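One-letter residues, chain by chain:
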Amino acid sequence: MLSAKGLPFYSKYQMLFRHMHTVRKHATPKRIANLITNEIEFRMKKTTLRSLPYAAKIEASAFCHLKCAWCSFGQGEGGTHTRDMVMPLDRFKRLIDSFSDSLMIVSLSRVGEALLHPDLTKMIAYCTEQNIGTEFPTTFSVKMDEGRIEEMVTGGLDHLIVSIDGTTQDVYETYRKGASLDRVLKNASMLVKAKERLGSKNPLLEFKFIIFEHNRHQLKDAEQLAGDMGFDKFSTVLDNSSEKTMEHMDNVRETHLSKKRACYWLWNTIVVAWDGTVYPCCNREVVMGNVFETDPRAIWNSEKFRKMRRFFKTHELDEDTRVCFTCMQF
């Protein structure tokens, strides 16, 4: 994503810095050694890796109940998803076990709303048992009660990123179609109080504000609201569909291609959908395999993964690597 302060590309180092609160808590000598090896292999653009992913994006739920404007999911893709599209808890545990020696952080979201998974707090707790950090973004416009809020705290959730793009309902729902700002703020308030009651610093509670033309005038009010409510962090990103952002992304892409820079997704993060499908990154056009059918470690060094990593050396195009060539995010 892009910072509101200028327009730097979102590199793996920015990703690590953003999640340092979580990563540093769950670093072990073995995981640090894996991360160092991973960094060397990334810089050398190795195609077959000795290292394993130290980050994972595992989709708890593929369903989202909102219809956010300018979101491809909200504009149609979500219509093909249902509430029962959730990753079974037992399969989630087996997947975590496959990479437990290397993982330091797991994001429990991809395109859906993680809080719609009935066993989400059990997923969080299992990762905590394995000394793996957890985080996920949410609209928080989901019916919650104090019991479930407390389970998120006691289960060991490290970081919760709440997307709030307005300080009044009319501005907020311009983008967050179907969401209730009152419900979001009520849930956030319950979480802040639960942390105080339980004497916990976690989860780190982040107020994330996407800057659009329709809500720019509320930016300062949003930062004030975050402070008044007890959020630990306030962050902003620019709307990815804005002309300024698109122009910047295009420039970054051309620079990276010309200098043959690699994309960190293929080296340090494994992305798994609710049904076990593995993707190379946030792109959903190329399928790398399925962890419910094949050993996840074998997929990590499969021919498809090796081919897509090799692209950043050779720039050889085919139907799979074309998504890297046209990507404006790396």
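Remember, predicted model here, so these are calculated numbers, not experimental data. The written sequence of each chain sets the order in which its residues are numbered from 1. Local features in a predicted model are, by the rule used here, given only for residues with pLDDT of at least 70; side-chain atom pairs are given and counted only at 80 or more, and totals for whole chains, interfaces and linings are based on all residues. Excluded from the side-chain calculations are hydrogens and water; all other atoms, namely the structure's heavy atoms, are used.

Novice: Talk me through the pattern of salt bridges; I want residue IDs and the actual numbers.
Specialist: We define a salt bridge as a side-chain nitrogen of Lys or Arg found within 4 Å of a carboxyl oxygen belonging to Asp or Glu. Under the definition given, this model contains 15 salt bridges. Put simply, Lys 30 and Asp 101 hold a salt bridge, and the shortest N to O gap is 3.3 Å. Placement of Lys 30 in helix α3 (residues 29-44) and of Asp 101 in the loop between α4 (89-98) and β2 (105-107) is noted, with a sequence separation of 71 residues between them. Looking at Asp 101, the relative accessible area reads 37%, which means it is partly exposed. In this structure, the salt-bridge partner of Arg 216 is Glu 213, at a minimum N-O distance of 3.2 Å. Owing to a relative accessible area of 43%, Arg 216 belongs among the partly exposed residues under this scheme. Classification of residues uses two cut-offs on accessible area relative to the type maximum, computed with a 1.4 Å probe and protein chains only: under 20% is buried, over 50% is exposed, and between them is partly exposed. Residue classification places Glu 213 among the exposed residues on the basis of a relative accessible area of 66%. When salt bridges that share partners are traced, they join Lys 304, Lys 307, Asp 318 and Asp 320 into one network. Helix numbers and strand numbers start at the N terminus; a helix is a DSSP run of H or I with at least 4 residues, a strand a run of E with at least 2.

Novice: Kindly report on helix α5 (residues 120-129), identifying the contributing residues and their values.
Specialist: For an α-helix, 3.6 residues make a turn, and residues three or four places apart therefore share a direction. Of all the positions in α5, only Leu 120, Thr 121, Met 123, Ile 124, Tyr 126 and Cys 127 are classed as buried. In this fold, the buried residues of α5 make contact with α4, β3 (133-138) and α6 (146-154). One or two steps after α5, the chain reaches Asn 131, where phi turns positive at roughly 60 degrees. Should any heavy atoms of two residues lie within 4.5 Å, those residues are counted as being in contact.

Novice: Residues and numbers for the sheet that holds β2, please.
Specialist: Any two strands between which DSSP finds at least two bridges are classified as paired. One open sheet holds the nine strands; their spatial order is β6-β5-β4-β3-β2-β1-β7-β8-β9, and the pairing between them is mixed. Whereas interior strands pair on both sides, the edge strands pair on one side only; in this sheet they are β6 (233-238) and β9 (289-290).

Novice: Kindly report on unusual backbone geometry, identifying the contributing residues and their values.
Specialist: Across residues other than glycine, the phi torsion is negative in most instances, and most of the peptide bonds are trans. For the peptide bond that leads from Asn 202 to Pro 203, omega is 0 degrees, which places it in the cis range. You can see Pro 203 is positioned in the loop between α8 (181-198) and β5 (204-211). Despite not being glycine, Asn 131 has its phi angle at roughly 60 degrees, a positive value. Mapped onto the elements, Asn 131 comes out in the loop between α5 and β3. Residue Asn 131 is classed as partly exposed on the basis of its relative accessible area of 30%. One non-glycine residue with positive phi stands out, namely Phe 140, at about 65 degrees.

Novice: Residue-level account of the packing of α6 against α8, with values.
Specialist: Two elements in contact, α6 and α8, have axes separated by 9 Å at closest approach and are oriented at 55 degrees. What the angle tells us is that α6 and α8 run oblique. Crossing hand, α6 versus α8: right-handed. Counted together, Glu 146, Ile 149, Glu 150, Val 153 and Thr 154 of α6 and Asn 187, Met 190, Leu 191, Ala 194, Lys 195, Arg 197 and Leu 198 of α8 form the full contact between these two elements. When grouped by side-chain class, the residues that make up the contact of α6 with α8 number six nonpolar, two polar and four charged. All axes are obtained by fitting lines to C-alpha atoms, using only the stretch in contact for helices, and the reported angles, taken between N-to-C directions, cover 0 to 180 degrees. Roughly parallel here means an angle under 35 degrees, roughly antiparallel means over 145, roughly perpendicular means 65 to 115, and every remaining angle is called oblique. For any helix crossing, the convention is left-handed if the near helix is rotated counterclockwise from the far helix by under a right angle, and right-handed if that rotation is clockwise. Residues are sorted three ways: Asp, Glu, Lys and Arg are charged, Ala, Val, Leu, Ile, Met, Phe, Trp, Tyr, Cys and Pro are nonpolar, and all the rest, Gly among them, are polar.

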